[in-house]
Amino acid sequence: MRRNIGIIWCTLLLVFGCAPQPKIQKLPEEKKPTVSEAKKYHSSGFEYFKNGQYEDAIRNYKQAIAESTLFVDAYLDLARTYTVIHNYEEAERTYARLIDILPNEPSGYYGLGRLYTEERKYVLALQQYDKALEIDPEDALAFYGKGYVNEKTGDTGEALRYYERAKELAPDDINIRYSLGKLYVKLERYEDGIRELEAVLQEHPEDIEVKLFLGDAYASVGRYTKAEEQFTYIVEQSPDYAVAWVKLGKVYVDMKKYAEAMENYKKAIEIDPTQPSFYYHLVDLLIKLKNYAEANTYLKKAFTITPDDAILVALSGDLYIAKADDAFKARDWDTAISNYQIAINNYGKVKTLTDSPHWVSYAKKGMKRAQIQLKKAKEERWWDKGK
């Protein structure tokens, strides 16, 4: 699956240590480093890193440090490379060495903070970001790091506060605006999310991940044509991106383009037939369109993947109650009664399969309606037989 790596690459650099122009600090005259040679080794290391040749990247970054012991970005990129290959111990040593040599350089602390975040050592990560802020109280990346940790630990309120502070300090930082925009969307502050993500998209107009979140935000506020544009671009550029086909299908449902929606859902299943959630959307749409036979076919396929899926069981209840309603309208009481009873049984299973308040409540409501209709169908059958 092809993906545009624009903002993803920038975010990777931010998360593991960006490499802007090298920061060389002067030593006393008698210990002046060989800066030009250090730059050459650093540049070679960066090229090796981009090509996935990590051992060669490490060798060159180490040589850059040997040529210039105060070459900050060489330390950061060396540690980042160790992190990518999951050699966290060496990454930590590299950051610690930078901090030991340059204790007033904040990048060593927030580099170590990022490493601890990667290792899910969130308390230690926050401590490192706080140390960076002691050196520079207006360090945008340290606030960004604290926001990221809080988002990872589920404290979206604190995450938002730190992201917004980071944006105040670095209003043009695309990575900060990207994370802030995504969080706004998660918090259902869609217009705020759209503002941030549109700004990011201007800088990275072909970035698929930005378009994905922006499409979600547009769809959530009813701007379906704009959402369609984002998701259509994604499936054209990455035709194997199953999730994007599902999102485009959902937009078509909202636009009442049901045939297009159905084809998109089927395409997603064709790409990844093992993902139960793709079946949810298709089965639900088929039931709404009264295509019961096909809905039942896809339900059976889905149950072979996950036989105890509460949502599929609830959808099975929906299928039988819909069939029962049609039989009720046709005054086919025996069929209606049989299908209402099956629906009741299926809804009753849901609470044994999930603790989700939403789906338990959903099934309870479905069962209650089926029970009411079942009683009516029995009464109508009795009256018909008595005529």
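Provided above is the structure to which this section pertains.
Just so you know, these numbers come straight off a predicted model, no measurement behind them.

Tallying secondary structure elements over the protein gives 20 helices and 0 strands in all. Taking 2.2 N^0.38 as the reference for a compact globule, 387 residues should give roughly 21 Å; the C-alpha atoms of the protein span a radius of gyration of 28 Å, well beyond that estimate. Taken over the C-alpha atoms alone, the protein extends approximately 115 × 40 × 35 Å along its principal axes. Here the protein holds 387 residues, and the buried ones make up 48% of them. Expressed as a percentage of contacts within the protein between residues at least 6 apart in sequence, the contacts between residues at least 24 apart total 53%. By element, 50% of the accessible surface of the protein is carried by carbon and sulfur atoms, the whole surface being about 19,400 Å².

A full pass over the atoms with the stated rule returns 26 salt bridges. Across the pair Glu-90 and Arg-93 runs a salt bridge whose closest N-O atoms are separated by 2.3 Å. Of this pair, Glu-90 and Arg-93 both sit in helix 5 (residues 88-101), 3 residues apart, roughly one helical turn. Judged by its relative accessible area of 27%, Glu-90 is partly exposed.

Moving on: the packing of helix 5 against helix 6 (residues 106-118). For the pair helix 5 and helix 6, interaxial distance at closest approach is 8 Å and the crossing angle is 160 degrees. It follows from the interaxial angle that helix 5 and helix 6 lie roughly antiparallel. With respect to the hand of their crossing, helix 5 and helix 6 are arranged in left-handed fashion. Between helix 5 and helix 6, the contacting residues are Tyr-88, Ala-91, Glu-92, Tyr-95, Leu-98 and Ile-99 on the first element and Ser-107, Gly-108, Tyr-109, Gly-111, Leu-112, Leu-115, Tyr-116 and Glu-118 on the second. Residues that form the contact of helix 5 with helix 6 fall into these classes: 9 nonpolar, 3 polar and 2 charged.

Another point: the environment of Val-283. Tracing the sequence through the fold places Val-283 in helix 16 (residues 276-288). For the pair formed by Val-283 and Met-262, sequence separation is 21 residues and the distance between their alpha carbons is 9.4 Å.

To continue, consider the environment of Lys-349. With respect to the helices and strands, the residue Lys-349 is situated in helix 19 (residues 333-353). Counting along the chain gives 35 residues from Lys-349 to Ala-314, while the straight-line C-alpha distance between them is 8.3 Å.

Between the first and last C-alpha of helix 13 (residues 224-237) there are 20 Å, a value that for 14 residues agrees with the 20 Å anticipated at 1.5 Å per step. Along helix 13, the residues classified as buried are Ala-227, Glu-228, Gln-230, Phe-231, Ile-234 and Val-235. Down the axis of helix 13, the smallest arc covering the buried residues is 165 degrees, so these residues share one side. In the core, the buried residues of helix 13 are packed alongside helix 11 (190-203), helix 12 (208-220) and helix 14 (242-254).

Positionally, Asp-309 belongs in the loop between helix 17 (292-305) and helix 18 (310-329). Buried and without a salt bridge, Asp-309 has Lys-349 as its closest oppositely charged side chain, separated by 13 Å. Of the polar contacts made by the side chain of Asp-309, one reaches the backbone nitrogen of Leu-312; its length is 3.1 Å. Each residue touching Asp-309, except ones within four places of it in the same chain, is listed here: Pro-276, Tyr-280, Phe-303 and Leu-353.

Another point: helix 4 (residues 72-84). An ideal rise of 1.5 Å per residue puts 18 Å on 13 residues; helix 4 measures up with 19 Å between its terminal C-alpha atoms. In terms of residue burial, helix 4 counts as a mostly covered element, since 12 of its 13 residues are buried. Where helix 4 is concerned, the buried positions are Val-72, Asp-73, Ala-74, Tyr-75, Leu-76, Asp-77, Leu-78, Ala-79, Arg-80, Thr-81, Tyr-82 and Thr-83.

Turning next to the packing of aromatic side chains. According to the stated counting rule, one finds 8 aromatic pairs in the structure shown. One cation-aromatic arrangement involves Arg-161 over Tyr-162; the distance from NZ or CZ to the ring centre is 4.6 Å. Directly above the ring of Tyr-298 sits Lys-301, whose terminal nitrogen or CZ lies 4.8 Å from the centroid.

If you trace the backbone, Glu-151 turns up in helix 8 (residues 140-152). Spatially, the C-alpha atoms of Glu-151 and Ile-321 are 41 Å apart, while their sequence positions differ by 170 residues. What Glu-151 contacts, discounting residues up to four positions off in sequence, is Ala-159, Tyr-163, Leu-183 and Lys-186.

The phi torsion at Arg-120 lies on the positive side, around 65 degrees, for a residue other than glycine. You can see Arg-120 is positioned in the loop between helix 6 and helix 7 (122-135). Residue classification places Arg-120 among the exposed residues on the basis of a relative accessible area of 67%. Its identity is not glycine, yet Arg-331 carries a phi of approximately 60 degrees, on the positive side. The residue Arg-331 is located in the loop between helix 18 and helix 19 in this model. Assessed through its relative accessible area of 43%, Arg-331 is described here as partly exposed.

Quick look at the nonpolar core now. Phe-231, Ile-234, Leu-282, Val-283 and Tyr-298 are the most contacted members of the largest nonpolar core, which has 50 residues in total. Once residues lying within four places of it in the same chain are set aside, the contact partners of Val-283 are Ala-295, Tyr-298, Leu-299 and Leu-315. Counting residues in hydrophobic clusters, the runner-up holds 48 residues, among them Phe-46, Ile-65, Leu-70 and Leu-160.

So, how was this worked out
- Residues numbered from 1 in each chain as written.
- Predicted model: local features only at pLDDT ≥ 70, side-chain atom pairs only at ≥ 80, totals over all residues.
- Heavy atoms only, no water.
- Helix = DSSP H or I, 4+ residues; strand = E, 2+ residues; numbered from the N terminus.
- Rg over C-alpha atoms; globule rule 2.2 N^0.38 Å.
- Buried < 20%, exposed > 50% of the residue type's maximum accessible area, 1.4 Å probe, protein only.
- Contact = heavy atoms within 4.5 Å.
- Areas by Shrake-Rupley, 256 points an atom, 1.4 Å probe, with all protein chains shown as cover.
- Salt bridge = Lys/Arg side-chain N within 4 Å of Asp/Glu carboxyl O.
- Axes fitted to C-alpha atoms, helices over the stretch in contact; angles between N-to-C directions.
- Parallel < 35°, antiparallel > 145°, perpendicular 65-115°, else oblique.
- Left-handed = near helix turned anticlockwise from the far one by under 90°.
- Nonpolar A, V, L, I, M, F, W, Y, C, P; charged D, E, K, R; others polar.
- Expected span 1.5 Å × (residues − 1).
- Arc of directions from axis to C-beta.
- Lys, Arg positive; Asp, Glu negative; His and termini not counted.
- Polar contact = N/O pair within 3.5 Å; in protein donor to acceptor, adjacent residues only side chain to side chain.
- Phe/Tyr/Trp six-rings, centres within 6.5 Å; stacked < 30°, edge-to-face > 60°.
- Lys NZ or Arg CZ within 6 Å of the ring centre and 35° of its normal.
- Core = buried A, V, L, I, M, F, W, Y, C linked by side-chain atoms within 4.5 Å.

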